[in-house]
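The primary structure of each chain is shown beneath.
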Amino acid sequence: MSIRRRLTLLLLAGAAALSLIGWLLVRDVVERAAQETQDGILGAATRAVADEMRGGVEGVEIDIPFMAFSILGAAGEDRIFYRVTVGGETVTGYGDLPLPDDAATLAPRFLSTPFRGEAVRVAVIDRTLLAGGRSVPVRVALAQGNRSRDALAARLSNRAAVVGFGFFLMAAALAVLTARSVTRPVRHLADSVARRGPDDLRPVDRPVPTELAPLVAALNGFMARLDAGADRTETFIAEAAHHIRTPLSALRARAEIALRGADEATRAHLRDILRLTDGTARTAGQLLDHAAVVHRSDQRGGSAEIDLARLADDVVRAARPLAELRDIRLTLDVPGPVILHGDRVPLEAALRNLIDNAVKYSPDESEVHVTLRPGATLTVEDRGRGLSDPPEALMRRFARGANAGDVLGTGLGLSIVETAAAALGGTLTLTPRDGGGTCATLSLPS
Ligand SMILES: Nc1ncnc2c1ncn2[C@@H]1O[C@H](COP(=O)(O)OP(=O)(O)OP(=O)(O)O)[C@@H](O)[C@H]1O
Ligand SMILES: [Mg+2]
């Protein structure tokens, strides 16, 4: 899951929880306030009734004032019940109205109870009156249904819910904005790294938040090492080529000189040395070519404009002397400039190896045709011994065909061609040619 989504969800969950808690708190306060309001009114009405009682010589005089009910009536449409007891006996009102059974106090007391199928709130006031020369405990209870109180509480808490939801919506918008702004540097960094080419190993120098600094430092260090590694490989390939080829050609020259003045037995040895030297030079050359092509395709560097016609001409010209030694006619057929974007080194190595194979596996005095077609297809056709193995098997590293016989080789040529073709986004196919021989086709995207 993306950081942004995770952050948004977290913030949204927090906002939802806070909104819910806020609403619960407000609802609690509202319910308490409604209860206190109801108790205040109920208490006042009860006191009004209690205050109208008088003790007398004959007994307690009870006069329920109308005012008490009008106070309650103004507060809502609820049903009202009352009960008055004198010395524990109900003298007027509902005899079954529940009363608290604890000791009397001066202040009104309240209790919530169901009564006659309805939830009611009861207020009770105790008085002691002097009646008939005795003090008599008098108890006044007034009850009111809870419906209007509940309706008020519900109205207020619904309003609180609407406010809470509005708060949540605002918090949600803020959450989205926050998540976006927090992840922006990460996105920008990823974009700037993704936008550069794979061979662009310059350090990232855009300013980043401190949390990302270690990551960027690690990335830069990594790229610097990669860059240095690539440089070292390039140097190694160049130096190895030079330091192997030079002594080998010196060795070859000495052996040839020695061959002239040697006797028959030594000549055989010297010829062996020459053959081995040639083989070693060839193997080293192919290995280094392969390394260079692999390295270049890793780097995907150099996307210069290449004229394939010119390149083919150069390679064919360079191959001609060797072909002519065996009276092989090497011809080139090009339609005109064919422009391609890519790296020249692998392309040259590929064509050189295809021509080398065609010449090597052809009989003396035959012909090899190199043809370039627009749309960037190069074919090399020979009248040689033909393929003995499936092409995929021959393209493997160090794989040589059963037809190779006494022809010198290392088995790296076709894998060089294949790697180069893949690096350029093209393909290599080897097919038998009509009338004998082989046709190698290098198709490149133009
Ligand atoms: N034009 C061709 N005609 C016939 N056989 C071929 C041709 N090209 C390649 N082959 C076969 O494919 C094998 C692999 O070729 P590849 O170029 O990879 O190696 P190589 O020519 O033997 O050695 P080197 O690495 O020196 O080129 C060859 O050994 C040969 O058997
Ligand atoms: Mg070859």
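Residue positions are counted from 1 within each chain, in the order its sequence is given. All chains are assigned letters beginning at A, and all ligands numbers beginning at 1, according to the order in which they are written. Local features in this predicted model are restricted to residues of pLDDT 70 or higher, and side-chain atom pairs are both shown and tallied only at a pLDDT of 80 or more, whereas totals for entire chains, interfaces and linings draw on every residue. Side-chain measures here rest on the full set of heavy atoms in the structure, leaving out hydrogens and waters.

In the annotation of an unreviewed UniProt entry, the entry for the chain reads histidine kinase, and the organism field reads Jannaschia pohangensis. UniProt positions are given in the numbering used here, feature names are shortened, and annotations may be inferred rather than shown by experiment. Listed in UniProt under the heading Subcellular location (unreviewed entry), the comment for the chain reads: "Membrane". Looking at the Catalytic activity (unreviewed entry) heading of the UniProt record, one finds this comment for the chain: "ATP + protein L-histidine = ADP + protein N-phospho-L-histidine."

Enquirer: Would you take a moment to explain the nonpolar core for this structure?
Expert: Across soluble globular proteins, nonpolar side chains have a tendency to be buried as a group. Residue types Ala, Val, Leu, Ile, Met, Phe, Trp, Tyr and Cys, when buried and joined through side-chain atoms within 4.5 Å, form a set referred to as a nonpolar core. Buried means the residue's accessible area, taken with a 1.4 Å probe over protein chains only, is under 20% of the maximum for its type, while exposed means over 50%, and partly exposed covers the values in between. By size, the foremost hydrophobic cluster in this structure holds 40 residues, and its most contacted members are Leu308, Ile355 and Leu442. Strands are runs of DSSP state E lasting at least two residues, helices are runs of H or I lasting at least four, and both sets are numbered from the N terminus onward. Looking at this core, the element that brings in the most residues is helix H7 (residues 344-360), giving 8 residues. When checking whether two residues touch, look at their non-hydrogen atoms; a contact exists if any pair is within 4.5 Å. Setting aside its immediate chain neighbours within four residues, Ile355 contacts Val315, Val316, Ala319, Leu330, Val370 and Val380. Val86, Ile125, Val138 and Leu142 belong to the second largest nonpolar core, which has 18 residues in total.

Enquirer: Teacher, can you tell me more about the domain arrangement of the chain here?
Expert: Interfaces are often sized by the accessible area lost when the parts come together. Note that domain bounds follow an automatic or database assignment of domains. Annotation of the chain at the domain level lists domain 1 (3-155), domain 2 (199-301) and domain 3 (302-446). One C-alpha centre belongs to domain 1, the other to domain 3, and the line joining them spans 105 Å.

Enquirer: Mind showing me how you'd approach helix H5 (residues 264-299) here?
Expert: Side chains three or four residues apart in an α-helix point the same way, a direct result of the helix having 3.6 residues per turn. For a helix, the expected span equals 1.5 Å multiplied by the number of residues minus one. Across its 36 residues, H5 extends 52 Å between first and last C-alpha, which sits within 8% of the 52 Å expected from 1.5 Å per residue. Pairs of N or O atoms within 3.5 Å make up the polar contacts considered here, provided that, within protein, one atom can donate a hydrogen while the other can accept it, and that residues adjacent in sequence are counted only when both atoms are side-chain atoms. The distance from a side-chain oxygen at the start of H5 to the backbone nitrogen of Ala265 is 3.3 Å, and the residue carrying that oxygen is Asp263.

Enquirer: Before we go on, may I ask you to explain the environment of Gly386 in this structure?
Expert: Among the secondary structure elements, Gly386 is positioned in the loop between strand E12 (377-381) and helix H8 (391-394). Between the C-alpha atoms of Gly386 and Ala358, which are 28 residues apart in sequence, the distance is 9.7 Å. Setting aside residues no more than four positions away along its own chain, Gly386 makes contact with Asn403, Gly437 and Thr438.

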